[in-house]
Structure formats: C-alpha cells, structure tokens
Amino acid sequence: MGSEDKAAKMIRTIVEVLEPQFAIRLWSGERIGPEGGPVLAINDPMVIRRLALKPKLDSVIELWVSGQVDIEEGTIFDLVEKGTKTKLKHRLKELPKWQLLKDVPSVLFGRQQADSGLAGKNPFDFGSSKAAIEHHYDVSNDFYRLFLDENMVYTCGYFKDWNNTLDQAQTDKLDHICRKLRLKPGDRLLDIGCGWGSMLIHAVKNYGVTGHGVSLSQAQTELARERIRAEGLEDRITIEIKSYEHMEGQFEKISSIGMFEAVGIDNYGTYFSTVERLLAPGGLYMHHAISRRAKRTKKAFNRKSAEHLALVKYIFPGGELDHLGMSVENLEGYGFEVHDCENLREHYGQTCRLWAERLHARFDEAIKEVGAPRARLWLLYLTGCALAFERGTVQINQTLASKRSRGPSGLPPTRADIYR
C-alpha cells in the first residue's frame, strides 16, 4: 500500500471515530460522509505529512492558505456549525492511536513545502511599530473596500437592531462615540490611530469640532487625506504619520478606537501617561479596545494561547490584549476617572461575521487584488474573529474616562443623551 493509500486510510479511520456532520472529499475524488452541506476538501495527501510532523495551529493555517485544504459548497461558518456529533475533545480520546501510528512512517516521506511567507517581521516583539502596523493595514486600500462599509470603518460596529446593515451600524457606532465624548463646537478632538479618517470626518461634519489624527500607516493616511479633501475639510482636519507618544499640545477630547491592541503591555505606562498629558483639564477620553477575560492569576493570564500566537504571527505582529480590570487599573493609576464601560462583544461578533461574508462574496476580486494566499488568510482571520467574539473568547469594551480633578466632572446626571 503506497503512501497516498495509507494517508487515505488514516483519514477514513479518523472520520469514522470523530463522526463529522459534514462530508470530506479526498484528493482522489473519494467522498466520505453525509450528502448535502459543506464539504471539507483535502486536496493533497501531503496534508497528513504536514500535520504528523508539526501538529500545530500554524500547520492548519498554512494548509488553508496554500489551498491544500479548502471548503466547498459552503463557508467556514457552515463547517463549524455542523461540527461533530459529540464534543471534539471527547472524540479525540477515542482515536486508535496505535493503529494510526503504524501508518505514520509511510506518509512521512514526501516533498517538503515552504511556508507561505505571510508571517510578519518580528511578530513576537510585542508593542506597536511602524512595520507591524504596515503589515496589517497597508495590504491594499482597495482590498479593504471589498468588505468594509462605505465609510471604511475597520472597528466594531454598533447595532441598534441586529438586522441593521453594516453601513448603518458603523455610522451609529461613530455617533455613539461622539455622544459619549459629548463633542461640541470648538472642541479639539485627537483620534489616536485614525485609520482612514472616518471618526474625524464624522465628528467634524456633525459636531463642529476640529480634528487631528495620528497614524503609522502610510496607505491609510494617504486615503484619509484624499477623503478629507473631497469633503472640503482640510482646514478643520489634519493627520500626521507619527507615534502617539511624540504628540504635543492638548485636546478637549481624545478617542482611541481599535488601536490600543497594538501598543503592547510593556508600553502601557508610556501610552496612558501620554494620553493624560495630551488631555486638557476637564477633557474626556474614549478607550475602545478588545480585551481577553481575566484569569485567577497573572501567570495564567500571561500564558499565550495557540490562537493568540497565530494571530500575532500572521495578522497583527506585536499585538497584545489586556483585560478590562487592567484597563481600569491603568486609567485610574495614570490620572483618569472612569465613568462608563460598555461591553460590545456581540456587536463585534456581528461586525466580523458581516465582514467575512462580504469578503467571501467578493473573493475572486480579493484574489486579484492581493493574491490567493493573503485573501484566504484574511477570510480565515475574519471568520475566526467572528467566532471568538460570538463565543465570548474575547470581548471589546468602550471605557469613558475624564482627566481626574477635584470637584464636578461636568458630565450630565444621567446617560439619557447617549442612548436616545
């Protein structure tokens, strides 16, 4: 029996035990499993070799990115929804390991395959850097247009109704933040990590503020400036390509929407002390950031999961997440008073699901724009994020804080002005 036959035999054995509720198609055309629904396509017998030599999440990602593993007649969401008859971890214990190991040697010999080359530079050098930001955000503006809303907002939407469109949810999110910041004419607003300028444009047009943004992404900044010129707002919005820590001046309002994840835990002191320095007396700061659940011990929290390490390696080099308590502790420790915190986890799950569905619908265009490996990687990433938020593996919180001072904060007695 040849190596391909042994590989097929191993897959049949695994399928028999795990009882997946979806079909599997082998490289030979053989189909195993139920009719109808999504099909997991294994397009290369070397899949078994790769997983046997390196049984890690990285291997699964590389197999997906290369197209050696694919999904037909459905999406990753469909495949996950089908799952297995019982919990996978229970089924894995029932695998006939010795029987499988007897067939392993025959599949270990074969062609080597290089990795995709999509990993970031110094991915585990935690903390923001221009190279890390460019790895993610400078992929292609036209690529991001394929799945983002019309205003190019690449952060969690706010769904007043779960049936709302992505465009509506992103407009409502920007307005939700503006109301929380109590923006008013004459305010100077600093947006840290301003992306394609959506927050600044919305705030200036609808609330009469003057806006300033900082970013480390050349591609995003160029498009943001084009959009600002098209709106005729060059005299009211400026954007610099520089790190937040090099900013000078003071601002009545500061927003940080989806950039804090790139700061790095070791740099939190610099970050929060800088924001406190830049915030004018009586000013408000919006801290909009993804977080992980806290653990019983700091050691347990600092342990990096396989999913987190893969995300850092391929998608967000240098990224780290804190937990909500750490955010509040740092805000209070660096001179802020915390007023409100809102968990938008389910909103981000819905946002990422819509992004993934939109990218899937325009996948041929995505391949033409950035190539099949990167397009496949981003589809996997957006789908994985949607599932992580939906299942509560990660959260996202909007935390409103003011610069601490004696006496009244200046905020209204209720939050009726926000949730109108």
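It should be noted that the structure appears before, not after, this text.
Source: prediction; values computed, not measured.

Rules used in this analysis
- Residues numbered from 1 in each chain as written.
- Predicted model: local features only at pLDDT ≥ 70, side-chain atom pairs only at ≥ 80, totals over all residues.
- Heavy atoms only, no water.
- Phe/Tyr/Trp six-rings, centres within 6.5 Å; stacked < 30°, edge-to-face > 60°.
- Buried < 20%, exposed > 50% of the residue type's maximum accessible area, 1.4 Å probe, protein only.
- Helix = DSSP H or I, 4+ residues; strand = E, 2+ residues; numbered from the N terminus.
- Lys NZ or Arg CZ within 6 Å of the ring centre and 35° of its normal.
- 1 Å grid on protein atoms, 1.4 Å probe; cavity = no way out; pocket = protein on both sides within 12 Å on 5 of 7 lines; lining within 4 Å.
- Points joined across faces, edges and corners; volume = space filled by probe spheres on them.

Visitor: Account for the packing of aromatic side chains, naming residues and giving values.
Guide: Enumeration according to the criterion identifies 22 aromatic pairs in this entry. With centroids separated by 6.3 Å and ring planes inclined at 70°, the aromatic side chains of Phe 147 and Tyr 154 adopt a geometry described as edge-to-face. Here Phe 147 and Tyr 154 have matching classes, each one buried. Ring geometry for Tyr 285 against Phe 336: centres 5.8 Å apart, planes inclined by 40°, an arrangement best described as tilted. With Tyr 285 in strand β9 (residues 279-292) and Phe 336 in strand β10 (residues 336-343), this residue pair connects regions lying 51 residues apart in the sequence. Per residue, the accessibility class of Tyr 285 equals that of Phe 336, and both read buried. What links up through ring pairs into an aromatic cluster is the set Phe 143, Tyr 144, Phe 147, Tyr 154, Trp 196, Tyr 348, Trp 355, Trp 378, Tyr 381 and Phe 389. Over the ring of Phe 301 we find Arg 292, and its NZ or CZ is 4.0 Å from the ring centre. Residue placement shows Arg 376 over the ring face of Trp 64; its charged tip is 4.1 Å from the ring centre.

Visitor: Describe unusual backbone geometry, naming the residues involved and giving the relevant values.
Guide: At Glu 73, a position not held by glycine, the phi torsion is positive, near 60°. Within the secondary structure layout, Glu 73 lies in the loop between β4 (69-72) and α4 (76-82). Look at Met 152: it is not a glycine, yet its phi comes out positive at around 55°. In this fold, Met 152 is placed in the loop between α8 (141-145) and α9 (166-180). A relative accessible area of 5% means that Met 152 is categorised as buried.

Visitor: Hey, could you go over empty space enclosed by the protein for me, with residue numbers and the actual values?
Guide: Counted by the stated rule, this structure contains one cavity of 30 Å³ or more. Empty space within the largest cavity amounts to approximately 30 Å³. Forming the walls of the largest cavity are His 287, Ala 289, Ser 291, Asp 322, Leu 324, Ser 327, Asn 397 and Thr 399. Those elements that provide at least two residues to the lining of the largest cavity are β9, α15 (324-333) and β11 (394-403). At three residues, β9 tops the list of elements feeding residues into the lining of the largest cavity.

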